[in-house]
Amino acid sequence: MTITIYGITTCDTVKKARVWLEGHDVAYRFHDFRADGLDAKRLDGWVSKVGWEKLLNKASTTFRELADNDKQSLDEKKAKTLMLARPTMIKRPVLEVGERVLVGFKPDVYEQAVGEK
């Protein structure tokens, strides 16, 4: 089973997740939003599985720096457009474990997900 973790190298939560995976001898591929970008098809898949509200990190610096009119009247289409344009406003990390998509890092949730691999 392929495991991929999505995020940015400077994110502390992504660092913690990667350390956890490595400490549990879980092989994974790292996809850096800044270096590798994000395609619409993958984002659509995540949104269909976890919802755009869970993916969009309104507390992120990137989101907070948006113009007020970009933050207002958010719906799925607008949120996806924003996340594709600036993937750093996606809550990190996003972990794909086979067909499952996990958002954020919680060791107990990771334990369950990789234990099922």
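See the structure above.
All of the points below concern the structure found in this document. Being a predicted model, the structure only gives us computed values, none of them experimental.

So, on to the pairing of strand β3 (residues 94-97). Burial along β3 is two-sided: Val-94 and Glu-96 and Leu-95 and Val-97, pointing in opposite directions, are all buried. Two strands pair when backbone bridges link them, and strand β1 (residues 3-7) and β3 are joined in this way by four bridges, in the antiparallel orientation. Looking at β3, one finds that Ile-3 is bridged to Val-97. One ladder, built from four bridges, connects β3 with strand β4 (residues 100-103); its direction is antiparallel. Each bridged residue has a counterpart across the sheet, and for Glu-96 the counterpart in β4 is Val-101.

Look at the link from Arg-92 to Pro-93: it is a cis peptide, with omega at -15 degrees. Within the fold, Pro-93 resides in the loop between α7 (76-85) and β3. Positioned with a positive phi, Asp-25 is a non-glycine residue whose angle comes to about 55 degrees. Tracing the backbone shows Asp-25 in the loop between α1 (12-23) and β2 (29-32). For Asp-25, a relative accessible area of 69% translates into the label exposed. In this structure, Ser-73 is a non-glycine residue whose phi angle is positive, near 55 degrees.

Next up on the list: the sheet that holds β3. Strand pairs in the sheet, formed through backbone hydrogen bonds, run parallel or antiparallel to each other. Strand order in the open sheet formed by four strands is β2-β1-β3-β4, with mixed pairing between adjacent strands. The open sheet has two edge strands with one neighbour each: β2 and β4. Adjacent strand axes in the sheet meet at a mean angle of 20 degrees when their direction is disregarded. Those strands touched by α1 are β1, β2 and β3, and its axis lies near 160 degrees from that of β1. Contacts from helix α8 (residues 107-115) reach β1, β3 and β4 within the one sheet, and its direction differs from that of β4 by about 165 degrees.

Criteria and cut-off values
- Residues numbered from 1 in each chain as written.
- Predicted model: local features only at pLDDT ≥ 70, side-chain atom pairs only at ≥ 80, totals over all residues.
- Heavy atoms only, no water.
- Buried < 20%, exposed > 50% of the residue type's maximum accessible area, 1.4 Å probe, protein only.
- Helix = DSSP H or I, 4+ residues; strand = E, 2+ residues; numbered from the N terminus.
- Pairing = 2+ DSSP bridges.
- Axes fitted to C-alpha atoms, helices over the stretch in contact; angles between N-to-C directions.
- Contact = heavy atoms within 4.5 Å.

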